[in-house]
Amino acid sequence: MVTRHAAALATAVILVACGGGGGSPVSQDPDTGAPTDSGTPSSPTTLTRTTSQGPTAERVADYLYSHASGGPWDGAHGEYTHAPGLVRFAFPPTVRMAASMTGRERAFAHYGIALVNRALPYEHHLQIGPDAPSVVAKDGGDLEGNVPHGEIFVEFHRDSASGRASPAVAHQEITHVYDDAQARWEKKVLLTGQVEMDSDFFDNRPDHQAISVFVHELLHTIGLQGHPDHEEYPDSNMADAWFRIDGSLPAIDAAGVLALYTRLPAEIEPEDLSVTDLGAWEEQGTNLTRSLSRVSFGVRHANGVTMPWTKGTDPTRDLADNTRLQGTATWNGDLIGFTPTLVGVQGNAEISISLATMDGRADFTALEHEDGSTWGDGDLGYTITVGANYLRSTGGDAGTVNGQFYGANHEGVGGSVERADLTGAFGAVRR
Ligand SMILES: [Zn+2]
């Protein structure tokens, strides 16, 4: 908790407007870019580990310094600066969505939150709380006192006519302290956050644009407050809010989130931030990967975190609007993952959705360790719901399931299963 002392303390609402101008309003290309069908799904009995190179500790420290520096950064409307300091939530924050959000907007927000969580250990995952009242903190004006500490409010506004300059904005409430020795204000405690998205702006754009920009704003609210240099970090969603995210955070952003929440204290001054703060840093990751027609998926383990990922091409319409499907549609495939001690696990995955209700199930069966012994009691089952082309668990076994449909006509689906005792990725193809 923070004790307020006169004069030396100030709480400020910080606003970061981003995303202006970028991106294309046109629909994405049709399915011509789909990955070629391998024809033969990899054998369900083989779990082959491969390795891959991730960001170096030096690069991650430099990336975090760009967020800690206080700027100046390039924003959508010119240069902007903050007080220096890198702050994060001391405990996993609870994200609450405005009661007014549509099912489609909720699907985007849930999936964006899931993508951030995939980069974090299960015990550090952002939590999702009950709905928040709408328009409590519009333009950050009433953020202080209205958003409880430790919470992030998400809101989609349908008010582009209001003249707001940016289609997406992140606000944070942060306690600052004046440092006499350095004659400057410094960020000290991250208290609350809020993400505002412009519904009108994103309505007629591809879903991945709303999700990529939403993730960018969400990462601002949890502590990555800057915009790293575009040329130095061309593959960062924090350098460019429009950098397309498909099934996992870009490697540098994932490593930055991981380091911020598992290696650094809740507050650090930029001059104190160095590569040694990251501790022993693994550049090399250990991977399990699988590819089916229309969807590739896998897990990558490095630095204490197993990160699920999926990849494919987007459907051309929402699942609910796919008139080729009727009754209950079912996708079958595989799950692969790691236990916390890095024992490989695999099994069958089945996703079934009622086209009438957009509700269904995700069942994972015949789950085995790589030595052939049964994992747990051998299966996991969840109730799920679908918004647009994104699915999420609503009940069932412990843990969370999140995913998205792939292929022009929803021929594939891929996603993650995350629990304290298993982090897995699944992919499946429609019967
Ligand atoms: Zn930004």
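Residues numbered from 1 in each chain as written. Predicted model: local features only at pLDDT ≥ 70, side-chain atom pairs only at ≥ 80, totals over all residues.

Student: Give a description of the nonpolar core that names residues and reports values.
Tutor: Soluble globular proteins: nonpolar side chains tend toward being buried together. Counting 106 residues, the largest nonpolar core has Leu-64, Val-116, Ala-119, Phe-214 and Val-257 as its most contacted members. Other than its neighbours up to four places away in sequence, Val-257 contacts Val-116, Ala-119, Leu-120, Leu-219 and Leu-249. (Core = buried A, V, L, I, M, F, W, Y, C linked by C-beta atoms within 7 Å. Buried ≥ 20, exposed ≤ 12 C-beta atoms within 10 Å, placed from the backbone. Contact = placed C-beta atoms within 7 Å.)

Student: Describe the sheet that holds strand β19 (residues 390-396), and please don't skip the residues or the numbers.
Tutor: Taken together, eight strands build a closed barrel; the order of strands is β15-β16-β17-β18-β19-β20-β21-β22 and the barrel is antiparallel. Each strand of the sheet is rotated relative to its neighbour by a mean of 25°, with strand direction disregarded. Examined bridge by bridge, strand β18 (residues 380-387) and β19 share six bridges and lie antiparallel to one another. Bridge pairing links Ile-384 to Ser-393 in β19. (Pairing = 2+ DSSP bridges. Helix = DSSP H or I, 4+ residues; strand = E, 2+ residues; numbered from the N terminus. Axes fitted to C-alpha atoms, helices over the stretch in contact; angles between N-to-C directions.)

Student: Account for the confidence of the model for the protein, with residues named and values stated.
Tutor: Per-residue pLDDT for the protein has a mean of 88; in total, 85% of the residues score no lower than 70. Within the model, pLDDT remains below 50 along residues 1-8, and this stretch shows five contacts once partners closer than five positions in the same chain are excluded. (pLDDT = per-residue confidence, 0-100.)

Student: Lay out helix α2 (residues 103-118) with the relevant residues and their values.
Tutor: The end-to-end C-alpha distance of α2, which contains 16 residues, comes to 22 Å, matching closely the 22 Å that a straight helix rising 1.5 Å per residue would cover. Across the 16 residues that make up α2, a large majority, 14, are buried. (Expected span 1.5 Å × (residues − 1).)

Student: Explain the environment of Val-60 to me, and be specific about the residues and the numbers.
Tutor: Within the secondary structure, Val-60 is located in helix α1 (residues 57-68). Through-space distance from the C-alpha of Val-60 to that of Val-275 is 7.9 Å; in sequence the pair is 215 residues apart. Apart from residues lying up to four places away in sequence, Val-60 is in contact with Pro-55, Ala-255, Gly-256, Ala-259 and Leu-278.

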